[in-house]
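A closer look at the structure
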There are 4 protein chains.
Amino acid sequence: MLIIMKIGATKQQILDVVQAIEGIGYQAKISKGAQRSVILVHGNIGYIDESYFKKFMGIRDIIHISKRLKLVYRENNGGADTIVDLGDNIVFGDRSAQIIAGPCSVESREMIMETADFLSSRGIKLLRGGAFKPRTSPYSFQGLGDKGLSYIHDAAKKYNMKIVTEAIDEYSLSQVMDVADVIQIGARNMQNYSLLKKCGAIKNPILLKRGFTASIDDLYASLEYILSEGNPNIIVCERGIRVFEGTKQRSIIDFLGVSDLREESHLPVIIDTSHATRERAKVPGLSRAALAFGCDGLMVEVHPDPDKALSDGPQSLSFNDFDLMLIELKKISGLFSKPLKFYKEQK
Amino acid sequence: MLIIMKIGATKQQILDVVQAIEGIGYQAKISKGAQRSVILVHGNIGYIDESYFKKFMGIRDIIHISKRLKLVYRENNGGADTIVDLGDNIVFGDRSAQIIAGPCSVESREMIMETADFLSSRGIKLLRGGAFKPRTSPYSFQGLGDKGLSYIHDAAKKYNMKIVTEAIDEYSLSQVMDVADVIQIGARNMQNYSLLKKCGAIKNPILLKRGFTASIDDLYASLEYILSEGNPNIIVCERGIRVFEGTKQRSIIDFLGVSDLREESHLPVIIDTSHATRERAKVPGLSRAALAFGCDGLMVEVHPDPDKALSDGPQSLSFNDFDLMLIELKKISGLFSKPLKFYKEQK
Amino acid sequence: MLIIMKIGATKQQILDVVQAIEGIGYQAKISKGAQRSVILVHGNIGYIDESYFKKFMGIRDIIHISKRLKLVYRENNGGADTIVDLGDNIVFGDRSAQIIAGPCSVESREMIMETADFLSSRGIKLLRGGAFKPRTSPYSFQGLGDKGLSYIHDAAKKYNMKIVTEAIDEYSLSQVMDVADVIQIGARNMQNYSLLKKCGAIKNPILLKRGFTASIDDLYASLEYILSEGNPNIIVCERGIRVFEGTKQRSIIDFLGVSDLREESHLPVIIDTSHATRERAKVPGLSRAALAFGCDGLMVEVHPDPDKALSDGPQSLSFNDFDLMLIELKKISGLFSKPLKFYKEQK
Amino acid sequence: MLIIMKIGATKQQILDVVQAIEGIGYQAKISKGAQRSVILVHGNIGYIDESYFKKFMGIRDIIHISKRLKLVYRENNGGADTIVDLGDNIVFGDRSAQIIAGPCSVESREMIMETADFLSSRGIKLLRGGAFKPRTSPYSFQGLGDKGLSYIHDAAKKYNMKIVTEAIDEYSLSQVMDVADVIQIGARNMQNYSLLKKCGAIKNPILLKRGFTASIDDLYASLEYILSEGNPNIIVCERGIRVFEGTKQRSIIDFLGVSDLREESHLPVIIDTSHATRERAKVPGLSRAALAFGCDGLMVEVHPDPDKALSDGPQSLSFNDFDLMLIELKKISGLFSKPLKFYKEQK
């Protein structure tokens, strides 16, 4: 910790601070500059709570050198990347970028089968689809629950895909655990620490979405909750953040945040290009931008008949929209960042 | 719903929209203005999903007249206020303003006893104190859990106070239910809809804090989750919202949001003046402002020895600070908005 | 204008509003829905000020159909694109994307000559460089003023380039007018309406940067100030907006805002990928994303020796950085959106 | 400056940084902590540009101890308050709080006379009224210009009041200079540094409004522009800042920002309670809150007939509204912060 004294702080004020530091067992080094003194606190291993020092006169600023968190930072991971391996050669965080696709919600056995059939024929191995949905209105469709889970399970089995599906509370987590290859925790639950701790105590990989108003530091704290309980298999997902511009669009993809996350932390980071747009016509453009910027994967909503979708219809791509987008993405894939990974030869 | 066509929209484009409206069972009234046509949709009872219309050419804007939610709006409550009555003449939403005070966390039996003794001697009847705490860092003190609950229970019983304490998940809710007069749901759980639904299914009054990045409409949706499950006893709490100004302070009290809530909804609204400040010296000023602006109550953090508090120390008032603030608040109380309610004669 | 009455508004309240509408010369059409009445106001050509109606009881919302502005909207431009033609086949808004490059400030005759030499050898025709700089600190380098203008003039002449340079007030505008092919108005002056009006009264094309906290609607108003004075030659520049996340980065590129601008307005829109980053290592990634998303051009800062730059050094690319970025951008150019325009064959 | 090295930074990396520091003439002190090294830079008088160090490997963070600005900070003013004295015992920044009132714009000789007559009868000595108005739409009323100035001049002379009126560019500044006791620079021009410099070169006191999306640090930079040109007579005005919540209200008063300004800087700070609301019914509540919080004055819009105002009608108080608000404000005035200053006995 570094304590910056005010210009004109008295000797006594400096002495008081030094004694306080020593009083709690640390060492203080005073450094007199041209204009002011600064006091460097030594001997601490971790983060020191600054509130203890707030009462002293003559302090201008207190700056922390140690950070409150540990496991989430790359420097505490020996500088290495974390690789999340789902088996069958499906891996996040290595040299390729994955595509996760599927409907917002599993609406029926037929629709998820149809979607899995379509996606697997395009070489996509990661099928998303919610059985438990946290919708903004209590009157909106909330998902089929356990029945939805069994449908996506059957679809993934038949088409040899991996399942990405959401848990929203303890009950759904207990159900989803047995079925999901990746458990999604949505943006609204990003600071539901109780749920995060439970995610840390299981083995399934977790896909944690950044809250649409969470700072990168908030996100680090949430990741630390999972990591500190023992689960290192986390995929981080940027899905856009809310800005002052409330009337125009839902949220804005924070590309620089993605690169901060990639540099400061060690976890794979994917980008959800559907939720930021609210409008399917804009999904391909954002997906191209995300891939050109560089990330460990994309997540997009695809639906057999988006106009009739029970949730997120406006931003869901039809099969045809998705095919057209894939043509574009393949052109850019691998040109200067991680190439998209497809699991069978494309037509 | 009102569909505003573009200037220059063709007759055929207008016709297509009208046919689509009629195709889903509603009536369409075309109104030709000087510059453009608008189409008013009739015959619907509730909210119409606009995504169905997104594909039509020639539409400039779609404006909803019906709202997605119901129970939360004052106009759907016959214009009346909701009164939350805790018994013993302790009431939120009527003609006086309550003070909820106490430590962030229950740290020991002694400290909560000492706090209750002090507060009750000042005529305060509402004792806050968390047994389950959702802290930003997993390494911060997380509360004493069930033991904490039993301590605050004993303190409230001895000093004849009401308990306001937080639930953060299903387990803590099941424990807190038996003890709490008011169950607090914190800002980070404001969109934990699963927890909100469970709060809607019980009888205890709920104190729902607005998320620090939640819009008023987000908050309405969360309130509707509780209301729609059958629990009308909700106290809303504004605690400051996050702004672009990240470096200076934690959050900014949205006073106009408080009056919007009071006008558009029917629930009592209190203001937490501790969390916005991060600094105890600023709590009295914000509390004076809140009381002068007008609200149904204040919530403040008070601790016997704030410098040693295990959580929220910097913004907690000492007993002496609290006394000094009360002197100020009493001068303003009742001058032009709801007077503070004290439950015994003050010295 | 549409006036939405409250559920339960009385006949008299509706009548009062209707009489008020008729009293100012418009017609009122009442439409009774299942739950509430709405009143459509007819007969107005432009925007009606809603304040007149604020005093009436029983009104829930007032919704404007006519907009306050005119010239800035595509629908008022017959749906057509505006093309900004600088001569010599250098055009914004048509089928290709331009690159504007150069230093933040003109620091000396040598450095701008060297930069122009380099850029023109890469087929870049648009040279940026500020002579008048609005810096956040009054103690930072403020530009060379008139001398800087003459240097960039000489450089552009020698290397046959077009000049993009900033005006910050009346004096600098009067100087810059004679030299600049495009006059830049910076983000901090986006709402300096007095300066905008003066830009509207001249012939030079204007490059207007969106303020880093301006909404799209604020930007439309600023554009209307220029358009309404008679200058249609405007290039809009998105340079990132400020978000609640103050500690991590300067600003976030609002890609969806760029597509809103392109659809709702008719002016060319370019993206400045240097200012959002504050860090040169991130400029190529954002530039790739911008080009993949689609826009009418890029603006980037390039400096012969960025570590010694007098302004914006951290985010300026060296010549070598720029070359490496160009290699990437050429791979993506024209794949699915407007191709970059280069003005001579590249090696 | 403090350079924090990464955990695991090599000796060579630390040495490289030290050599770089010494290479530009400063001293480096290495301090090895339990986990990492930090390097303190000594010998500099002012702010060091960190960009020079960005290229070195092994650096985690660079923290500035010296600040970029000088005159604006209280510690550089010997800790003292600046008092802005307008003569006739009208003073900002001392022990009382001033009220500035009047219409948004001077609309006619009669209306400004009538307003001055009314306000002076209530003991108000500071008359606001714009002759030059920066309106968001170019089609809105832009003020009467020079004629408006002469009207407010006559009104102030007749009723012995001081004039607060806005300058928006060089021309209006040159006109306003001769008439205004206080020259207002509006929120949209807060970063019009060219205009600020001109304000710094004159003698008139300046009222600088914080931009609605300006951080406190942005504001300090703008103030420094005025101070550094030699004009210390500045009144700062908080008028609300824009938040993510775009749909509900215009802006939110940043009370904690006001106290930060008061502590960190030395200038008087007033609060404009009209612009944040957009609705006159909410002005008294915010004004009470502002006065209860504590500030050096209030600025409110008052109009003889607000429904017919040419600008800002919805948020302007009528004379009767203003009288009712004064009754409330007098009750609170002086109770715990600066009392309002009235200049004659009130009925």
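Residue numbers run consecutively from 1 along every chain, following the written order of its sequence. To label them, take the chains in the order written and letter them from A, then take the ligands in the order written and number them from 1. pLDDT decides what is reported in this predicted model: residues at 70 or higher carry local features, side-chain atom pairs at 80 or more are listed and counted, and totals for whole chains, interfaces and linings draw on all residues regardless. Side-chain measures here rest on the full set of heavy atoms in the structure, leaving out hydrogens and waters.

1. Some words on the interface of chain B and chain D
How big an interface is tends to be stated in terms of accessible area lost as the parts join. Any pair of residues with heavy atoms lying within 4.5 Å of one another is described as a contacting pair. In this assembly, 40 residues from chain B lie in contact with 41 residues from chain D. Both faces combined, the contact of chain B with chain D buries some 3,200 Å², and carbon together with sulfur accounts for 63% of it. Should a side-chain nitrogen of Lys or Arg be within 4 Å of a carboxyl oxygen of Asp or Glu, the pair is scored as a salt bridge. The interface formed by chain B and chain D contains 4 salt bridges. Salt-bridge contacts for Asp260 of chain B lead to Lys282 of chain D; the nearest nitrogen and oxygen are separated by 2.9 Å. Identification of polar contacts relies on pairs of N or O atoms within 3.5 Å, with a donor-acceptor requirement for protein atoms, meaning one able to donate a hydrogen and the other able to accept it, and with residues adjacent in sequence counted only if both atoms are side-chain atoms. At the junction of chain B and chain D, the tally comes to 6 residue pairs in polar contact (both at pLDDT 80 or more). Helix and strand definitions here come from DSSP, where helices need a minimum of 4 consecutive H or I residues and strands a minimum of 2 consecutive E residues; each element is numbered from the N-terminal end. Going through the elements one at a time, α6 (216–227), α7 (255–264), α8 (283–293) and α9 (319–332) of chain B are the ones with two or more residues in the side of chain B that touches chain D. Summed over both partners, the accessible area lost on bringing two parts together, with a 1.4 Å probe, is the buried area.

2. Some points on the sheet that holds strand β2 (residues 27–32) of chain C
Residues and elements named next belong to chain C. Strands were regarded as paired on the criterion that DSSP finds at least two bridges between them. Pairing in this open sheet of 4 strands is antiparallel, and the strands run β2-β3-β1-β4 from one edge to the other. The two strands at the open ends of the sheet, each matched to only one other strand, are β2 and β4 (59–63). Averaged over neighbouring strand pairs, the angle between their axes works out to 20° when direction is ignored. Running over the sheet, helix α1 (residues 11–23) touches β1 (2–5), β2, β3 (37–42) and β4 and is turned about 5° from β3. As a rule, the C-alpha atoms of each element are fitted with a line to give its axis, helices using only the stretch in contact, and angles between N-to-C directions run from 0 to 180 degrees.

3. A short note on the state of the cysteines
Cysteine sulfur atoms are paired as a disulfide whenever they come within 2.5 Å of each other. Here the structure, examined in full by the defined rule, presents 0 disulfides over all chains. Free of any disulfide, Cys104 of chain A has its nearest cysteine sulfur in Cys237 of chain A, 13 Å distant.

4. Quick notes on the relation of the copies chain A and chain C
To line up the copies, we fit them by least squares on C-alpha atoms, keeping just the residues with pLDDT of at least 70 in both. The transformation that overlays chain A on chain C combines an axial shift of 0.0 Å with a rotation of 180°, and the residual RMSD is 0.0 Å. Each copy turns onto its partner about a two-fold axis. In terms of C-alpha distance to the rotation axis, chain A has Ala289 of chain A as its closest residue, with the C-alpha 2.0 Å off the axis. Looking at the interface residues of chain A, 100% of them are also at the interface in chain C, so both copies use one shared face.

5. Observations regarding the domain arrangement of chain A
Where a domain begins and ends is set by an automatic assignment or by a domain database. Looking at the assigned domains, one finds that chain A contains domain 1 (2–63) and domain 2 (74–332). Here the C-alpha centroids of domain 1 of chain A and domain 2 of chain A sit 46 Å apart.

6. Quick notes on the packing of helix α5 (residues 193–200) of chain D against helix α6 (residues 216–227) of chain D
All names here are of chain D. Orientation of α5 relative to α6, taken along the N-to-C sense of each, is 40°, at an axis distance of 7 Å. As judged from the angle between their axes, α5 and α6 are oblique. Within the contact between the two elements, α5 uses Tyr193, Leu196, Lys197, Cys199 and Gly200 and α6 uses Ser222, Tyr225 and Ile226. Any residue that is not Ala, Val, Leu, Ile, Met, Phe, Trp, Tyr, Cys, Pro, Asp, Glu, Lys or Arg is counted as polar, Gly included; the first ten are nonpolar and the last four charged. When grouped by side-chain class, the residues that make up the contact of α5 with α6 number 5 nonpolar, 2 polar and 1 charged. The cut-offs work like this: below 35 degrees is roughly parallel, past 145 is roughly antiparallel, 65 to 115 is roughly perpendicular, and the gaps in between are oblique.

7. Let's talk about the interface of chain A and chain C
Every contact between the two is made by 40 residues of chain A and, on the other side, 41 residues of chain C. Both sides together, the interface formed by chain A and chain C hides about 3,200 Å², and carbon and sulfur atoms give 63% of it. Across the chain A-chain C interface, the total number found is 4 salt bridges. Of the charged contacts in the structure, one is a salt bridge between Lys282 of chain C and Glu263 of chain A, with a shortest N-O distance of 4.0 Å. At the junction of chain A with chain C, the criterion picks out 6 residue pairs in polar contact (both at pLDDT 80 or more). Mapped onto the side of chain A that touches chain C, the elements with two or more residues apiece are α6 (216–228), α7 (255–264), α8 (283–293) and α9 (319–332) of chain A. Classifying every residue of the side of chain A that touches chain C gives 19 nonpolar, 8 polar and 13 charged.

8. A short note on the relation of the copies chain B and chain D
The two copies are related by a screw operation: chain B maps onto chain D through 180° of rotation and 0.0 Å of translation along the axis, at an RMSD of 0.0 Å. Both copies contact each other with a shared surface, as 100% of the interface residues of chain B are interface residues in chain D too.

9. Observations concerning the nonpolar core
Of all hydrophobic cores here, the largest spans 164 residues; its most connected members are Phe322 of chain A together with Phe322 of chain C. Once residues within four sequence positions are removed from consideration, Phe322 of chain A is found in contact with Ile99, Ala101, Phe118, Leu119, Ile124, Val300, Val302 and Leu317 of chain A. We define the nonpolar core as a collection of buried residues of types Ala, Val, Leu, Ile, Met, Phe, Trp, Tyr and Cys that are connected through side-chain atoms lying within 4.5 Å of one another. Each residue is assigned to one of three classes by its accessible area relative to the maximum for its type, calculated with a 1.4 Å probe on protein chains only: buried under 20%, partly exposed between the two thresholds, exposed over 50%. Formed by 162 residues, the second largest nonpolar core is a distinct cluster that contains Val236, Val283 and Cys295 of chain B together with Val176 of chain D.

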